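What the coordinates show
One-letter residues, chain by chain:
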Amino acid sequence: MGEPLVPRMQGFGTTIFAEMSAMAVATGSINLGQGFPDTDGPPAMLEAAIDAIRGGGNQYPPGPGIPELREAVAAQRLDRYGLEFDPATEVFVTVGATEAIAASVMALAGPGDEVIVFEPYYDSYAATIALAGAVRRAVTLRPVQGRFTFDPDELRAAVGPRTRVILVNSPHNPAGTVFTRDELQVIADVCREHDLVAITDEVYEYLTFDDAEHIPLATLEGMRERTVSISSTGKTFSVTGWKTGWVTAPAPYVRAVQTVKQFVTYAVGGPWQRATAYALRNEMPWVEELRKSLQGKRDRLISGLEAAGFETYRPQGTYFVQADIRPLGFTDGMELARALPEKAGVVAIPTQVFYDDAAAGAHFVRFAFCKKDEVIDAAVERLIDLR
């Protein structure tokens, strides 16, 4: 019997996160690869989930999400960004942002259609586009004056007659860029000129640093009606295992996403939805303290990485620092990442796996700083010994 996997999914085997996390366990290494916190979210939010379980909220909730959460999401978008959405028809709950992205791409791009992504990109994007039978067109983010950005001409050149969707991630994982209003305006102009739909991954919307401001693409002129915006509980409230996300979009796009999602998972865990609704209305001061804490952790890790000899790029948001390995005499991030657990007892992710053009990212590795200070410090000590 031959390979049972359909051709469009060949090449999407074990993820780099599974590989590197297994190496961390096997070698007893400190795992700064996978981006999840090692502390829990707001205690009152956790109690709200427990109360929902004990209160009997353990059967199927409504497929589109419980009204309480949809109303809380709509209120959040209005209060924070001035974007008005009808909770009944323009807000839809998903099993995390990853499912929201997958359902959105599969609903809005079909076989032969083209989807533009900015590389490096979150690894599920490529697999999701393949599942849709669509074609990926990558626009490369490159370091300019200490931050990763794109060439507007390269974005315009990526658009062809089969382009249907631009997938935009800001704050950006793994580059750490928060797109400026000018950068977003370029994207908006391209969408309007070519009648494209934007799918925006905004899961790190609250986790921005210094003076960086997250601006939803949907707030730009003419973009609310052509943007599917996605966010989630996991990154905002440090409960990545809850897998509770949402889509906000015009009703026709929400119906399209629901058409796909309902046959994949149908519904999302009710207790997590109720607790998220509580948190969106009551725990934003906790999120602001999280943001401040993460900014400090970012600076702590960057200082250590630079002391170890890496060149770093200071992220404007997210959980991750990009580190250039060439000052240490290395040129292949994959080779170094696979050697680091044995050499230094630390796990990182080779950024090249997030590129179509692997050579463009071969000299970067990604470190996560959403960890306890003592974990960051221990990892830094080991990396300094590597130098």
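This section reports on the structure supplied with the text. (Residues numbered from 1 in each chain as written. Predicted model: local features only at pLDDT ≥ 70, side-chain atom pairs only at ≥ 80, totals over all residues. Heavy atoms only, no water.)

As for the overall build of the protein chain
Looking only at helices and strands, one finds 13 helices and 15 strands in the protein chain. Since a compact globule built from 387 residues should have a radius of gyration of about 21 Å, the 20 Å found for the protein chain is in line with a globular shape. Principal-axis analysis of the C-alpha atoms places the extent of the protein chain at approximately 55 × 55 × 55 Å. Burial status across the protein chain gives 57% buried among its 387 residues. Considering only contacts within the protein chain whose residues lie at least 6 apart along the sequence, 75% involve residues at least 24 apart. For the protein chain, the computed accessible surface area is about 15700 Å², with 50% contributed by carbon and sulfur atoms. (Helix = DSSP H or I, 4+ residues; strand = E, 2+ residues; numbered from the N terminus. Rg over C-alpha atoms; globule rule 2.2 N^0.38 Å. Buried < 20%, exposed > 50% of the residue type's maximum accessible area, 1.4 Å probe, protein only. Contact = heavy atoms within 4.5 Å. Areas by Shrake-Rupley, 256 points an atom, 1.4 Å probe, with all protein chains shown as cover.)

So, helix α12 (residues 333–343)
If you check which residues of α12 are buried, you get G333, M334, L336, A337, L340 and P341. The arc that holds every buried residue of α12, seen down its axis, measures 165°, which confines them to one face. Exposed side of α12, more than 90 degrees from the buried face: E335, E342 and K343 are the residues found there. Summarising the contacts, the buried residues of α12 are in contact with α1 (16–27), β13 (346–347), β14 (349–350), β15 (364–368) and α13 (373–386). If you check the start of α12, you find a side-chain oxygen 2.9 Å away from the backbone N of M334, and it comes from D332. G345 sits one or two residues past α12 and shows a positive phi near 75°. (Arc of directions from axis to C-beta. Polar contact = N/O pair within 3.5 Å; in protein donor to acceptor, adjacent residues only side chain to side chain.)

Remarks on helix α10 (residues 270–282)
Look at α10: 19 Å from first C-alpha to last across 13 residues, which is about the 18 Å you get at 1.5 Å a residue. Burial in α10 covers these residues: G270, P271, Q273, A275, T276, A277, A279 and L280. Structurally, α10 contributes buried residues whose contacts are with α2 (43–54), α3 (67–81), β2 (91–94), α8 (233–237), β10 (245–248) and α11 (284–307). (Expected span 1.5 Å × (residues − 1).)

Side note on the packing of aromatic side chains
In the structure shown here, the tally under the stated rule is 15 aromatic pairs. Ring geometry for Y313 and F364: centres 5.9 Å apart, planes at 80°, overall edge-to-face. A residue pair is termed long-range when its members are at least 10 positions apart, and Y313 in strand β11 (residues 311–313) and F364 in strand β15 qualify at 51 residues. For the pair shown, Y313 and F364 are each scored as buried. Every member of this aromatic cluster is reached through a ring pair, and the members are F118, F150 and F179. Geometry around F320 places R366 over its ring, the cationic atom sitting 3.6 Å from the centre. Seen from the ring of F36, K371 lies directly overhead, with NZ or CZ sitting 4.0 Å from the centre. (Phe/Tyr/Trp six-rings, centres within 6.5 Å; stacked < 30°, edge-to-face > 60°. Lys NZ or Arg CZ within 6 Å of the ring centre and 35° of its normal.)

Here's the deal with the pattern of salt bridges
Per the stated rule, a full pass over the model turns up 24 salt bridges. The partner of R326 in a salt bridge is D324, with the nearest N and O atoms 2.6 Å apart. Under the relative-accessibility criterion, R326 is labelled partly exposed at 45%. A relative accessible area of 0% places D324 in the buried class. The structure contains a network of salt bridges with shared partners spanning D210, R298, D299 and R314. (Salt bridge = Lys/Arg side-chain N within 4 Å of Asp/Glu carboxyl O.)

Some details on the nonpolar core
Soluble globular proteins: nonpolar side chains tend toward being buried together. Ranked by size, the top nonpolar core spans 85 residues in total, and within it V247, L301, F310, F367 and L383 carry the most contacts. In contact with L383, not counting residues within four places along its chain, are L305, A308, F310, L340, A344, V346 and F367. Grouped together as the second largest cluster of nonpolar side chains are 28 residues, F148, F150, L217 and M223 included. (Core = buried A, V, L, I, M, F, W, Y, C linked by side-chain atoms within 4.5 Å.)

A word on the sheet that holds strand β12 (residues 320–324)
Backbone hydrogen bonds are what pair the strands of a sheet, in a parallel or an antiparallel way. One open sheet accounts for 4 strands, arranged β11-β12-β15-β14; its pairing is antiparallel. Only two strands of the sheet have a single partner each, and these edge strands are β11 and β14. Sheet topology places β14 next to β15; 2 bridges connect them, and they run antiparallel. Residue pairing across strands places P350 opposite V365, the latter belonging to β15. (Pairing = 2+ DSSP bridges.)

Topic: the environment of F92
Residue position: F92 is located in strand β2. On the accessibility criterion, F92 (1% relative accessible area) is buried. Remark: the alpha-carbon pair of F92 and R255, spanning 163 residues in sequence, is separated by 8.9 Å. Sequence-distant contacts of F92, that is, excluding residues within four places in its chain, are made with G63, P64, G245, W246, V247, V254, V257, Q258 and K261.

A short note on the pairing of strand β8 (residues 197–201)
Most of β8 is tucked away, with 5 of its 5 residues classed as buried. Burial along β8 is two-sided: the residues V197, I199 and D201 and A198 and T200 are all buried. Two strands pair when backbone bridges link them, and strand β7 (residues 163–169) and β8 are joined in this way by 5 bridges, in the parallel orientation. Bridge pairing in β8 places V168 opposite T200. Remark: the β7/helix α7 (residues 181–194)/β8 crossover connection has right-handed handedness. Bridge count for β8 against strand β9 (residues 227–232) is 4 bridges, and the pairing is parallel. When the sheet's bridge partners are listed, I199 is paired in β9 with V228. (Right-handed = clockwise from strand over helix to strand, strands pointing away.)

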